[in-house]
Each structure stands twice: as C-alpha cells, then as structure tokens.
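Each chain, written out:
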Amino acid sequence: MRGFLISCALLWHLFFSTVAAADGMLPETTVVVLYEEDGEATLSIKNTDAGPALLHSVVENVPEDLVRFISTLKQPLKTQRLKRVSFEGIPQARAAGGATIGITLRQNLPLILHPQGLPRHHTPWELLTWKRVGDGLSVHNDSAYVVRLAPDVQLLPQGTLATLPRTYILPGEALVAKGEGPLGNVAHVEIQPATVYGFSVDNYRAPVTTDEG
C-alpha cells in the first residue's frame, strides 16, 4: 500500500483536464470517490467560460473531521473519510483601458476516501442503529461507511417528523434528531437515504431500540 498525504496538496493525485468552450468550471460528477488501492482519482473539469482560465483546486476538511493526517504503511485507512474538494476558475487579466467586473464561480464537491480492502457497500444506511433514550432519539453509525440521507426522519407509528442536524453521518458518529412532542411510543423510523453520489433512493424503514442507559 502506498502512503499518502491529505491536505491542500496531494500525493494521491487528482488529475484535471480543462476544455475551453460560458461561466466557470463544470465538473463531470457530483462526488469524487478515491479508492485507496487505486492511489488516485481522475475527474474531468470543463471550462465553460469563453476564454482560458487558471484552474485552482483545494481539498478541505469537513467541520466534523478536522484531522490533517499522514498515512504510511503502518497506518492505513480503516474507515471511509469525508473531505470536500473545490474548483475555481481564475480568468486571465483583461486588457487595460476597459472597466470590467469579473465573477468567478466555485464548485464544491464531496470527496470520499475509501480504504483498501473495505467492501463497496451500496446500502450503508442499513447499518445505522436508531436508539431512544427517554424523550430523545439518536442515530449511531458504527460502520466504516459515510452515510448520506435527507435530514427529515418520519417517526412511526405517530407519523410525525424529527430532523437531523445534517445530511451525512460519519463512521463512528452519533447524531441526535430533534422532534416535536414526546417520543415514547416511537417503534420505527423511515428515512430517505441517498447513494454515495447523492441520488435519492426508496425510503428505508428501521427499528428503534430503547436504551435505558
């Protein structure tokens, strides 16, 4: 396994191709997935502006994953990691003598790092566990996968809604859902999961266990 560095610069390389063609850099996909065994990910970026532009790209940590880490042969990835990668086109300088205003558009996409040897799970939301403690409801991700889902959670049998604080759950994380009214009778939840690329799939119903703490 090759070592790698995740920061603004990559030893795992992201390669970009630009095509001069009406405003900004247009990536070919909504998510970048980098598999550790491959060591690199390829993404095509189209320059939709009328003129040439310099492509500026940055890999950023998500707020919940602030660790800048160096992986060596002794420290391979154990779980998926979530970053964000942004692309911005910097147009060339205009000729002097004209008053112009330039606007650049930045694209910001999820970047998922997938460990070597970890199976590709297409329904990771099935690995979440939902727990009720008193009047509180939490969801736990004890798996090695990043799970994406809509923040609205339907509580059953009541049919009322609770809300998660965001649209993804990192490996090893637990999120608390905020709902209106008591949750004492909640037996199941129904969620709207999404694939790794952010596409919605059929609703999924999961049981809720009671944790007496």
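So, how was this worked out
- Residues numbered from 1 in each chain as written.
- Predicted model: local features only at pLDDT ≥ 70, side-chain atom pairs only at ≥ 80, totals over all residues.
- Heavy atoms only, no water.
- Helix = DSSP H or I, 4+ residues; strand = E, 2+ residues; numbered from the N terminus.
- Salt bridge = Lys/Arg side-chain N within 4 Å of Asp/Glu carboxyl O.
- Buried < 20%, exposed > 50% of the residue type's maximum accessible area, 1.4 Å probe, protein only.
- Contact = heavy atoms within 4.5 Å.

K.L.:
Please clarify how unusual backbone geometry should be interpreted in this entry.
P.N.:
A negative phi holds for most residues other than glycine; trans holds for most peptide bonds. In this structure, the amide linkage connecting Leu-156 to the following residue, Pro-157, adopts the cis form with an omega of 15°. By the secondary structure assignment, Pro-157 is in the loop between strand E13 (152-156) and strand E14 (161-163).

K.L.:
Could you clarify how one ought to interpret the pattern of salt bridges in this entry?
P.N.:
Where charged atoms of side chains with opposite charge meet at close range, the side chains can pair. The full count for this structure, using the stated rule, is 3 salt bridges. The partner of Arg-166 in a salt bridge is Glu-173, with the nearest N and O atoms 2.4 Å apart. Glu-190 is the salt-bridge partner of Arg-205, the closest N and O atoms lying 3.2 Å from each other. Taken together, the positions of Arg-205 in strand E19 (residues 204-210) and Glu-190 in strand E17 (residues 188-191) put the pair 15 residues apart, joining distant regions of the chain. Judged by its relative accessible area of 49%, Arg-205 falls in the partly exposed class.

K.L.:
What should I look at first to understand the environment of Ser-86 in this one?
P.N.:
Structurally, Ser-86 can be placed in strand E8 (residues 81-91). With a relative accessible area of 4%, Ser-86 lands in the buried category. As a C-alpha pair, Ser-86 and Leu-111 span 25 residues in sequence and 9.6 Å in three-dimensional space. Ignoring any residue separated from it by four or fewer positions in sequence, one finds Ser-86 in contact with His-56, Ser-57, Val-58, Glu-60, Arg-106, Gln-107 and Asn-108.

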